[in-house]
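Read off the chains here:
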Amino acid sequence: MGIYLDYQSSKPVDRRVIDAMLPYFDEKFGNPSSLHHVGDVATEILEASRKTIGSFVGGKSDEIVFTSGATESNNLAITGYAMRNKNRGNHIVIAEIEHISIHNIAKYLEKNGFVVSKIPVDQFGLVTLEKLAERVNEKTILVSVGYANNEIGTIQNVAQIGAFCRERNIAFHTDAVAAEGLLLLDVEKDKIDLMTLSSNDLYGPKGLGVLYVRNGIRINPLTIGGGQERGLRSGTENIPAIAGMEKAVEIIQKEMPEETRRFQKFRDRVIKEVLGSIPKCYLNGHPTSRLPNNVHFRFDGIEGESLLLSFKEKNIAVSTGSACSSKTLEPSHTLIALGLLHEEAHGSLEVTFGRFNEDSDVDAFLDTLPAIVKRLRKLSPLYKEEV
Ligand code: PMP
């Protein structure tokens, strides 16, 4: 497989998770809606997983709704909340650097009678209370700000935003996909009303997500059917995946402190060595309020895509940003929101570490990068003009 340094885009499922899932494909294949003993076995793991995930986020098991992934959770949270609460107001606030799924949900709501305001971020990608306060008004019913950014790794002051919203009786949704498994989540401390999680970001299977819905927060379902998940998300539950996510959370709860310390060592070493040895290279995102596994650079005179392809030739997988938007020619909306010019945004490279990285992967990246940068800059008329 070569060297994989793109854990933000996709994670392998942990072998221990696969082992926990396997019995639920055949031996324990029941449907939790069935009242017989085979159904009971499925209900048992469904409720155990709900409990484990509830406690993982500092909430209760009956506040956990299983979905098909983070995109669906974001839809259910924002559209579901907006539709249910439109009698209270038609205004929603999101941050400029939200994931593409949230921007597109916002566009959909705008076509359906809602007004959406976007909070600009500072040069490091932080949402400030001052800018948030400028955007809310008496019609605001919901604020959605991601816990941490999946591209530049900036961690928001979530507790501050939560308190701000609670004081004003505005619901607070956070997409915690980039943060889960790397930061301790606590919906009580942070006053979060709705929170999006995905199973794969915890080394669980794809095709499963979670929406945390605080008791008392009312949302409309978007999937109508047999009434599963307290009527909020009908459809037979994906029991093997739900068993897998429970195991994934159990592992993370034990291993997160050691794991994140290891990532942080990789991250800090890469930042120090790259900024110290390559001229005209800059760190995107926050210097300290940053995910422990995230590195995001930009290089003058180089296209991020050429960098990525040069690494690909060496069997090293890195990224230019969000995989969800990688097929467009547009620069990342997140980098533009930081105030970068289009050519600066195009010169970016993202590296994200994960569970199966070793020191030798970091060595290989650091050994390979300088020669690639040198070669690409030699080919770049733009860079020669600048020096
Ligand atoms: N939110 C964030 C922050 C993401 O990074 C992603 C992509 N991994 C999503 C939402 C959407 O996730 P999915 O494609 O699994 O639905």
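Each remark here, short or long, concerns the structure printed above.
Keep in mind it's a predicted model, so treat the numbers as computed, not measured.

(A) The sheet that holds strand β12 (residues 348-352), seen in detail. Spatially, the three strands line up as an open sheet ordered β9-β10-β12, and their pairing is antiparallel. Because the sheet does not close on itself, it has two edges, and the strands there are β9 (281-283) and β12. Along the sheet, successive strands turn relative to each other by an average axial angle of 25 degrees, direction set aside. The sheet contact formed by strand β10 (residues 294-299) and β12 spans five bridges and is antiparallel. Paired with R298 across the strands is S348, a residue of β12. Where helix α7 (residues 239-277) meets the sheet, its contacts fall on β9 and β10, and the angle it forms with β10 comes to roughly 15 degrees.

(B) How the structure looks around the side chain of S332. Residue placement: S332 occurs in the loop between β11 (316-317) and α9 (333-337). On the accessibility criterion, S332 (16% relative accessible area) is buried. Looking at S332, its side chain comes within polar contact range of the side chain of E151, at 2.7 Å. Separated by 3.1 Å, the side chain of S332 and the backbone nitrogen of T334 make a polar contact.

(C) Representation of the packing of aromatic side chains in the model. Following the criterion strictly, the structure yields six aromatic pairs and no others. Here Y4 and Y7 contribute two aromatic rings whose centre-to-centre distance is 5.1 Å and whose plane-to-plane angle is 65 degrees, an arrangement assigned as edge-to-face. Given the relative accessible area of 19%, Y4 is considered buried. With 6.2 Å between their ring centres and 55 degrees between their planes, Y7 and Y203 make a pair best called tilted. With a gap of 196 residues between them, Y7 in the loop between β1 (3-4) and α1 (15-21) and Y203 in the loop between β7 (194-198) and β8 (209-213) connect regions that are remote in the sequence. In this structure Y7 comes out as buried when scored by relative accessible area, which is 3%. Here the aromatic residues Y4, Y7, Y203 and F356 are joined through ring pairs into a cluster of three or more. In this structure, K11 is placed above the aromatic ring of Y203, and the distance from its NZ or CZ to the ring centre is 5.8 Å. Over the ring of Y203 we find R355; its NZ or CZ atom is 4.1 Å from the centre of that ring.

(D) Quick peek at helix α2 (residues 37-56). Under the 1.5 Å per step criterion, the end-to-end length of α2 is 29 Å for 20 residues, consistent within 8% with the ideal 28 Å. Listing the buried residues of α2 in full gives G39, A42, I45, L46, S49, R50, T52, I53, G54 and F56. Within two residues after α2, G58 carries a phi angle of roughly 80 degrees, on the positive side.

(E) Molecular detail of the site of the ligand. Surveying the vicinity of the ligand reveals nine residues, the closest of which are A70, T71, H99, N150 and D175. Contact distances for the ligand include 2.6 Å between an oxygen atom and a side-chain N or O atom of T71. Contact distances for the ligand include 2.6 Å between a nitrogen atom and a side-chain N or O atom of D175. In isolation the ligand has 390 Å² of accessible area, and contact with the protein removes 76% of it. Considering every element that reaches the shell around the ligand, the biggest residue donor is helix α3 (residues 70-84), with three residues.

Parameters and conventions
Starting from 1, residues in each chain are numbered consecutively following that chain's sequence as written. Where totals are concerned, whole chains, interfaces and linings use all residues; where local detail is concerned, this predicted model gives features only for residues with pLDDT of at least 70, and gives and counts side-chain atom pairs only at 80 or more. As a rule here, side-chain values cover all heavy atoms of the structure and leave hydrogens and water aside. DSSP calls a pair of strands paired once it identifies at least 2 bridges connecting them. Secondary structure is summarised from DSSP: a helix means a run of H or I of at least four residues, a strand means a run of E of at least two, and numbering begins at the N terminus for each. For every element, the axis is a line fit to its C-alpha atoms; helices are fit only across the contacting stretch, and the angle between N-to-C directions ranges from 0 to 180 degrees. Whether two residues are in contact is decided by their heavy atoms: any pair within 4.5 Å suffices. Exposure is judged per residue with a 1.4 Å probe applied to protein chains only, and the accessible area is read against the type maximum: over 50% gives exposed, under 20% gives buried, and values in between give partly exposed. Distance and chemistry together define a polar contact, namely a pair of N or O atoms within 3.5 Å, with one atom able to donate a hydrogen and the other to accept it when in protein, and with adjacent residues in sequence counting only for side-chain atoms on both sides. Centre distance within 6.5 Å is the pairing criterion for rings of Phe, Tyr and Trp, where only the six-membered ring of Trp is used; planes under 30 degrees apart are then read as stacked, over 60 as edge-to-face, and the remainder as tilted. Charge-over-ring placement is defined geometrically: NZ (Lys) or CZ (Arg) within 6 Å of the ring centre, and within 35 degrees of the ring normal. Any helix carries an expected span of 1.5 Å times its number of residues minus one. Nearness is defined per residue: one heavy atom within 4 Å of the molecule or strand is enough. Each accessible area value is a Shrake-Rupley result obtained with a 1.4 Å probe; residue values ignore everything except the protein chains displayed when judging cover.

Functional significance is not addressed by these values, which are geometric in nature.
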